[in-house]
Amino acid sequence: MKQDILALSLGVGAILLTAGQLHAQNATRCAERSDVVHRLAETFGETRQSIGLASDRQVVEVYASPETGTWTITVTTPQGVTCLVAAGRGFERVDEDLTPARLGKPV
């Protein structure tokens, strides 16, 4: 659960940074959710690692492959269209306690 919160926090940050660009690139970075999930699994061996709700009922998901280290953050609209927000390498699971500072609370 704590890992999911950290991954989701990273995902939300990426969404905020790329929201404007995402709208402009919809045609090339978005598809039906089932197509995106299938491609992530078949091409990169990625599976869903965490999920959360963002504004406007959008679903944010982090897909990753612990074997290859690749990761992808997606956002799915209520209409079922999934867009790639960010992707990269170096994914690893962490098992550490989140401190109040990591949650954004004053120390």
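The shown structure was predicted, so the numbers you read here are calculated from the model rather than taken from an experiment.

(A) Expanded view of the overall build of the chain. Helix and strand counts for the chain come out as 3 helices and 5 strands. For the chain, with 107 residues in total, the buried portion stands at 30%. Restricting the contact set of the chain to residue pairs at least 6 apart, pairs at least 24 apart contribute 44%. For the chain, the accessible surface area stands at approximately 7100 Å², while carbon and sulfur atoms represent 56% of it.

(B) Representation of unusual backbone geometry in the model. We note that aspartate 56 has phi near 60°; this positive angle belongs to a residue other than glycine. Note that aspartate 56 resides in the loop between strand S2 (47-53) and strand S3 (59-64). Phi is positive for arginine 57, close to 60°, though the residue is something other than glycine.

(C) Fine view of the pattern of salt bridges. Counting across every chain of the model gives 2 salt bridges. Glutamate 61 is paired through a salt bridge with arginine 33; the nearest N and O atoms lie 2.8 Å apart. Of this pair, glutamate 61 sits in strand S3 while arginine 33 sits in helix H3 (residues 33-44), placing them 28 residues apart in sequence. On the accessibility criterion, glutamate 61 (1% relative accessible area) is buried. When the shortest N-O distance is used, the salt bridge between arginine 48 and glutamate 61 registers 2.8 Å. Taken together, the residues arginine 48 in strand S2 and glutamate 61 in strand S3 connect sequence positions 13 residues apart. Using a relative accessible area of 45% as the deciding quantity, one classes arginine 48 as partly exposed. Connected through shared salt-bridge partners, Arg33, Arg48 and Glu61 make up one network.

(D) Inspection of the pairing of S2 at higher detail. By the bridge criterion, 6 bridges tie S2 to S3 in an arrangement that is antiparallel. From the neighbouring strand, serine 50 faces S3, where its bridge partner is valine 62. Between S2 and S3, which pair antiparallel and follow one another directly, the connecting turn spans 5 residues, one of which, aspartate 56, has a positive phi of 60°.

(E) Spotlight on the nonpolar core. Counting residues in each nonpolar core, the largest one holds 6 residues, listed as Val60, Val62, Ile73, Val75, Val85 and Ala86. Looking at this core, the elements that each hand over two or more residues are S3, strand S4 (71-76) and strand S5 (81-88).

Rules and cut-offs
Residues numbered from 1 in each chain as written. Predicted model: local features only at pLDDT ≥ 70, side-chain atom pairs only at ≥ 80, totals over all residues. Heavy atoms only, no water. Helix = DSSP H or I, 4+ residues; strand = E, 2+ residues; numbered from the N terminus. Buried < 20%, exposed > 50% of the residue type's maximum accessible area, 1.4 Å probe, protein only. Contact = heavy atoms within 4.5 Å. Areas by Shrake-Rupley, 256 points an atom, 1.4 Å probe, with all protein chains shown as cover. Salt bridge = Lys/Arg side-chain N within 4 Å of Asp/Glu carboxyl O. Pairing = 2+ DSSP bridges. Core = buried A, V, L, I, M, F, W, Y, C linked by side-chain atoms within 4.5 Å.

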